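# Observations on chain architecture
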Amino acid sequence: MKVIRNAKRVSVVGGGVAVVASGLGLWRSAVLLNEQEIGRATALTAMLAAWAFIQGWVILLWDRRSTPTVLMRLQAADILGVILPVAVLGSSFVALPEVRDLASPLFWLLILAFGSTSLSVKPAASAPLSEIPPLHSMGFLDWVRIQNFGTGSLFIAVLFTLMYLTSPLKVDAWTPFVIAIALAQAYVSIWRIVEQHQMSKAGLRLSGMQITWLRAMHVNQGEDAAVKELRLMYPKIGTSHAVRVIENLYRTQEEH
């Protein structure tokens, strides 16, 4: 996620469109219910409209909270971990005749609901921790390493692949794409699991200057900031390993 600089303008436009369009969707759902047309299309219309309506108000009122907050948008790197779930869920929706009709409100509500999730509200203090460094600031492999691939992403790859293959609602034309994405995510996840295990076993040696810097960051900005800084220094290590190193900063000068 990345902090939006002109947040007020984006919140008014994005949140306003979401609220108005989803409000029309809720009105359409109410009309269908009043006409006793209770079916799959009506239920999906109401569900997607309600989700987008809530998201729209969250975006509109992003700065009306007791604690300082910022409005954030998805970065390109954020999409890496959600391509497979979006493809699987998207295939299920596209398989529905009601969604394939471009003239149907359900099609546009689906786009609106997915689009509204590209904006989110985060506490100002922790917002910078959600930002992913740009690719040009480091090597490609190190950039992939900081994306948190590992056991969790491997589980997601297996789970959503099984969901797709066993679902009666799927688009056969999407199968090669879904399988390719699942295999790529599983490969990267296994690579990172092995690499993190090797790094954890070998241990990490920090210089005195690095320890001082990480201690200062831990005191001034918190553990999450120190963990992120350590992972930027050593992209090969995993998050759990980095947390253990930060916790040991005050007990030892190095971790073996």
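Structure report, in brief.

The rules we used
- Residue indices follow the written sequence of each chain, beginning from 1 at its first position.
- Reporting in this predicted model follows two pLDDT cut-offs: at least 70 for local features of residues, and 80 or more for side-chain atom pairs to be given and counted; totals over whole chains, interfaces and linings ignore these cut-offs and use all residues.
- Only heavy atoms go into the side-chain values, all of them from the structure, while hydrogens and water stay out.
- Paired strands, in this sense, are two strands between which DSSP finds at least two bridges.
- Secondary structure is summarised from DSSP: a helix means a run of H or I of at least four residues, a strand means a run of E of at least two, and numbering begins at the N terminus for each.
- Only the six-membered ring of Trp is used, alongside the rings of Phe and Tyr, when aromatic pairs are assigned; centres must lie within 6.5 Å, and planes under 30 degrees apart are stacked while those over 60 apart are edge-to-face, with the rest tilted.
- Here, a charge over a ring is recorded when the distance from Lys NZ or Arg CZ to the ring centre is within 6 Å and its angle to the ring normal is within 35 degrees.
- Residue burial is assigned from relative accessible area. The probe radius is 1.4 Å, only protein chains are included, and a residue is buried under 20% of its type maximum, exposed over 50%, and partly exposed in between.
- Directions are taken from the helix axis to each C-beta atom, and the arc is the one they span.
- The contact definition used throughout considers only heavy atoms, calling two residues in contact when any of these lie within 4.5 Å.
- Salt bridge, as used here, is a side-chain nitrogen of Lys or Arg placed within 4 Å of a carboxyl oxygen of Asp or Glu.

## Examining the sheet that holds strand 1 (residues 2–3)
In space, the three strands of this open sheet follow the order 1-2-3, with antiparallel pairing throughout. Two strands bound the open sheet, and with one partner strand each, they are strand 1 and strand 3 (119–123). When strand 1 meets strand 2 (residues 69–73), the two strands line up antiparallel, connected through two bridges. Within strand 2, the residue paired with Lys2 across the bridge is Arg73.

## Structural notes on the packing of aromatic side chains
Counting across every chain of the model gives three aromatic pairs. With a centroid separation of 5.0 Å and an interplanar angle of 85°, the aromatic rings of Phe107 and Trp108 are classed as edge-to-face. Directly above the ring of Tyr164 sits Lys170, whose terminal nitrogen or CZ lies 5.6 Å from the centroid.

## Focus on helix 12 (residues 239–247)
Every buried residue of helix 12 is listed here: His241, Ala242, Val245 and Ile246. All buried residues of helix 12 lie within an arc of 135° about the axis, which places them on one face of the element. At its buried positions, helix 12 is contacted by helix 9 (175–202), helix 10 (208–221) and helix 11 (223–233).

## Some thoughts on the pattern of salt bridges
Inspection of the entire model under this criterion finds five salt bridges. Between Asp63 and Lys8 there is a salt bridge whose closest N-O contact spans 2.8 Å. Taken together, the positions of Asp63 in the loop between helix 2 (40–60) and strand 2 and Lys8 in helix 1 (residues 7–34) put the pair 55 residues apart, joining distant regions of the chain. On the basis of relative accessible area, Lys8 is assigned to the exposed category, the value being 54%. With a closest N to O distance of 2.7 Å, Arg192 and Glu195 form a salt bridge. Taken together, the residues span about one helical turn, with Arg192 and Glu195 both in helix 9 at a distance of three residues. Here Arg192 falls in the buried class, since its relative accessible area comes to 0%. You can call Glu195 buried: its relative accessible area is 9%.

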